[in-house]
Amino acid sequence: MTDNSPDQPPTKRVKYVARRPTIPALRERFADQCRYDFSQSFDVLVGPEKKRFSVYYNILTKRSRFLQAARSSRWTKDSQRPTDLTDFDPEVFSNYLRLVYTGEIFQPEQLGEDGWAEATETAFNSDLSELIKLYELADKLEDLTSVNLIMDEFLASYQEAWRMFIPSVTTQIYQHTPSNSPLRTVVRDVILFHTNPTFYEDDGGCKQYPVELLLDVLREDAKIKDRNRSNQKTIAELYDVKISDFDKCHYHQHHDGHPKCK
Ligand SMILES: [Zn+2]
């Protein structure tokens, strides 16, 4: 994976379609939503312009620990008072609501059978950028269900293309996520396991990537070699890894209240 083409601004967006859920999945989702009370809602003010969204109380506070805390009686003595989300982008918040209410994340309609035309690749990178924004928002809202769904989509998009992440995608991740973010782990692993050694040569492209990311790659590389001291695997065996081989929860976030996927 050595495509290190320079960043280009998006020139063309592919048409988006919803990933359609299956009938059993729809039935299960409908049954699940019937357990909610749709009669209660509250308002949130999103972005510096304070765009007002009215959201279902029982759905949003069940998904988001942040909103659950923000709407608890301790924080909101006046139930009519909106919750301030001025640090969030209204468009990204709108995408988040679509994900929570419908379970759907939009993705490119066609990847193209003839390989990756430039416009398609540009759109692909733009899609990754949107997914990163959505992930960042869901992470801040402490909605691990959404966080893990977005991660699955991020990985699926990458695995369909098997293209190296361009520098701007990794820079966006490193500028907007905490040091322990699984998104950082994904791009680190892609570089570690899926790049050609020429990546590290003077004109190999590595200089375009965030220094912090390259340091993460070096640290993980040292750990892998250290763990191998007794196993004595060859270098080829050590790095014969595909990120798609890891178990489903490898890049997920879970805690006691949000157990691992079945
Ligand atoms: Zn999981």
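Conventions used here
Residues numbered from 1 in each chain as written. Predicted model: local features only at pLDDT ≥ 70, side-chain atom pairs only at ≥ 80, totals over all residues. Pairing = 2+ DSSP bridges. Helix = DSSP H or I, 4+ residues; strand = E, 2+ residues; numbered from the N terminus. Expected span 1.5 Å × (residues − 1). Buried ≥ 20, exposed ≤ 12 C-beta atoms within 10 Å, placed from the backbone. Arc of directions from axis to C-beta. Axes fitted to C-alpha atoms, helices over the stretch in contact; angles between N-to-C directions. Parallel < 35°, antiparallel > 145°, perpendicular 65-115°, else oblique. Left-handed = near helix turned anticlockwise from the far one by under 90°. Contact = placed C-beta atoms within 7 Å. Nonpolar A, V, L, I, M, F, W, Y, C, P; charged D, E, K, R; others polar.

## Here we look at the pairing of strand E3 (residues 51-56)
Looking at chain direction, strand E2 (residues 41-46) and E3 are connected through six bridges and run antiparallel. Within E3, the position partnered with Asp43 by the bridge is Ser54. Where E2 folds back on E3, the antiparallel hairpin that results is connected by four residues, among which Gly47 adopts a positive phi of roughly 80 degrees.

## Quick notes on helix H4 (residues 90-102)
Taking 1.5 Å as the rise per residue, H4 with 13 residues should run 18 Å; its terminal C-alpha atoms sit 18 Å apart, in good agreement. Where H4 is concerned, the buried positions are Phe93, Asn95, Tyr96, Leu99 and Val100. Angularly, the buried residues of H4 cover 155 degrees about the axis, an arc narrow enough to put them on a single face. Looking one or two residues beyond H4, the residue adopting positive phi is Gly103, at roughly 75 degrees.

## Some words on the packing of helix H8 (residues 182-194) against helix H9 (residues 211-227)
At a minimum axis distance of 9 Å, the contact between H8 and H9 shows a crossing angle of 70 degrees. Classified by the interaxial angle, the pair formed by H8 and H9 is roughly perpendicular. The two elements H8 and H9 cross, and the hand of that crossing is right-handed. For the pair H8 and H9, contact is made by Arg184, Val187, Arg188, Ile191 and Leu192 and by Leu213, Asp216, Val217, Glu220 and Asp221, respectively. The residue makeup of the contact of H8 with H9, split by class, is five nonpolar, no polar and five charged.

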